[in-house]
Amino acid sequence: MLVTSRDIITLWVARMIITGLYFLNRVPFQHVYIHPVIQDGQGRRMSKSLGNGVDPLDIIALYGTDALRYTMAGMATETQDVRLPVKPITTPDGRTVNTSERFDGGRAFCNKLWQVATGFIFPNLEGTTPQPLNPTTLATEDRWILSRLASATAEIDRRFAAYQLNDVVSTLYDFFWGDFCDWYVELVKPRLFTRRDDGHVAPRHDDSADSARQVLALVLDHILRLCHPVLPFITEALWQELNARVPHRGIAVLTIGTPALIRTCWPVAAELPRDTAVEREIDALRDIIRTLRDLLARVNTSRAAAKTPAVGKLPRAVIRAEEKLVSALRSQQTVLERLGRCENVEIGTDVAKPPESAAQVLVGVEVFVPLAGLMDLNAERTRLTREVDELRGHIERLSGKLAHEGFVAKAPAAVVEQERTRLAELRQKLAVLERNVADLA
């Protein structure tokens, strides 16, 4: 494999191939990875004469080696050029060096990984003795995070095979920061702790808590393996600590961690349980929680404009869902109330919409929040009317696309069917929104 930028493809890459074929009757390499050219914020190539470049050693001293590697891997797109705005700063030893705010993202990711591991996971693994578990009997959130881990591992494998390093970094970020930190850690906290009568929080020690700790250890194990090519130093340090606390890790089969992460085998996506049904359940749960949070934010924005005190929680929410989702959502009712910041959540297939309610239509779910006494109903009516107008525009464009004979004839049948399904969903959503606007009027 040859790694180069585009400016010497004809000067050297082509000549090396021609020379290899001429003298040895074979090409000297099978793959050519063409990386983008890094420019400054003005689009100029970095050079010593212009003084617009950065010294990797300075970046390592300011941000750390792993933060540098993470940022550079995230910039390794398939475009021709990337820009790295630079600015001079004075170091503690009095030197003036160039740096860039883009390295802040790499440092933030490294800090997040270190803090979650050392501040949350490791303290909760004290005294953990993993036992073989049946993956199908795990809690919903446990099965979900393992399924998302399998999906992320497969996606990273695919991106590495195509040399799409920036997509590897974005997949790592989405899984670790999004799925794991933002959602799984929050979902699993009530199983790990209990509030005593004196108000203090104490660790729980039961089957549910033990299985949660076992899943935490396994997921961190795989996160460190997946991040190791990009963050070799911080992951190796955390791997040693994980081995010291939980040397045996796994779900159905327990394995012992190798002494060094760099010698550990790469995760195999097929060995992790995949459950698309539980992914749909948690997706619905997350969408509802986001909706409740957005509605609370809108209520407080309206109250701030009216110079009235903000509210910490919504008093009530009503969720009308498809039958296949109702039982799953009811099992997570306390999670909906805690993370959605709502005092009371009512869930059912045919629950009545409360009068003067804000409404949000999701996939297979309708969320209603009574607004009387909380905010100006005219503002909510205006928002819903605007959303109806935008949705009508989407439906009109998609209908025209499907009415075009050229598209239907030339596009793959699966794509045409997907667009027709999407159009039916949009029309159903429009009908519900129009009914909600009429109710508020």
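Parameters at a glance
Residues numbered from 1 in each chain as written. Predicted model: local features only at pLDDT ≥ 70, side-chain atom pairs only at ≥ 80, totals over all residues. Heavy atoms only, no water. Buried < 20%, exposed > 50% of the residue type's maximum accessible area, 1.4 Å probe, protein only. Helix = DSSP H or I, 4+ residues; strand = E, 2+ residues; numbered from the N terminus. Pairing = 2+ DSSP bridges. Polar contact = N/O pair within 3.5 Å; in protein donor to acceptor, adjacent residues only side chain to side chain. Salt bridge = Lys/Arg side-chain N within 4 Å of Asp/Glu carboxyl O. Axes fitted to C-alpha atoms, helices over the stretch in contact; angles between N-to-C directions. Contact = heavy atoms within 4.5 Å. Patch = residues over 30% accessible without salt bridge, like charges linked within 9 Å, V, L, I, M, F, W, Y side chains within 5 Å. Areas by Shrake-Rupley, 256 points an atom, 1.4 Å probe, with all protein chains shown as cover. Expected span 1.5 Å × (residues − 1).

Caption draft 1: Examining the pairing of strand β14 (residues 365–370) more closely. Of all 6 residues making up β14, 5 are buried, and the element is well covered by its neighbours. Two elements, strand β11 (residues 317–321) and β14, share 4 bridges in a ladder whose sense is antiparallel. Looking at the pairing, Val-318 lines up with Phe-368 of β14. Sheet topology places strand β13 (residues 357–362) next to β14; 6 bridges connect them, and they run antiparallel. Residue pairing for β14: Gln-360 is matched across the bridge by Val-367. Counted between consecutive antiparallel strands, the loop separating β13 from β14 contains 2 residues, among which Gly-364 sits at a positive phi close to 75°.

Caption draft 2: Structural view of the side chain of Ser-357. Within the secondary structure layout, Ser-357 lies in strand β13. Looking at Ser-357, the relative accessible area reads 1%, which means it is buried. Side-chain polar atoms of Ser-357 contact the backbone oxygen of Pro-354, separated by 2.7 Å.

Caption draft 3: Here's a closer look at the pattern of salt bridges. The full count for this structure, using the stated rule, is 32 salt bridges. The salt bridge partner of Arg-45 is Asp-7, with a shortest N-O separation of 3.2 Å. Of this pair, Arg-45 sits in the loop between β3 (37–39) and α2 (56–63) while Asp-7 sits in the loop between β1 (2–4) and α1 (9–24), and the two are 38 residues apart along the sequence. When the shortest N-O distance is used, the salt bridge between Arg-316 and Glu-346 registers 3.1 Å. Linking Arg-316 in the loop between α9 (276–305) and β11 with Glu-346 in strand β12 (residues 345–348), this pair joins segments that are 30 residues apart in sequence. Note on Glu-346: relative accessible area 32%, which makes it partly exposed.

Caption draft 4: Spatial organisation of the sheet that holds β12. Within the open sheet, the 4 strands sit side by side as β12-β11-β14-β13. Their pairing is mixed. Each edge of the open sheet is held by one strand with a lone partner, namely β12 and β13. Across this sheet, the average inter-strand angle for adjacent strands is 15°, counted without regard to direction. Sheet analysis places β11 next to β12, joined by 4 bridges and oriented parallel. Along β12, the bridge assignment pairs Ile-319 with Ile-347. In this fold α9 packs onto β11, β13 and β14, with an angle of close to 25° to the strand it touches most, β14.

Caption draft 5: Structural view of a nonpolar patch on the surface. Residues Ile-9, Val-32 and Ile-34 make up a contiguous nonpolar surface patch of about 200 Å² in total accessible area. Tracing the sequence through the fold places Ile-9 in helix α1.

Caption draft 6: Focus on the pairing of strand β6 (residues 96–99). One ladder, built from 4 bridges, connects strand β5 (residues 87–90) with β6; its direction is antiparallel. Following the sheet pairing, Lys-87 is matched in β6 by Thr-99. With antiparallel pairing between neighbouring strands as the criterion, β5 and β6 make up a hairpin whose turn holds 5 residues, including Gly-94 at a positive phi of roughly 90°.

Caption draft 7: Representation of α9. Between its terminal C-alpha atoms α9 stretches 43 Å, which fits the 44 Å expected from 30 residues at 1.5 Å a residue. For α9, the capping residue at the N-terminal end is Asp-275, with a side-chain oxygen 3.2 Å from the backbone nitrogen of Ala-277. Lys-307, located one to two residues past α9, shows a positive phi value of around 60°.

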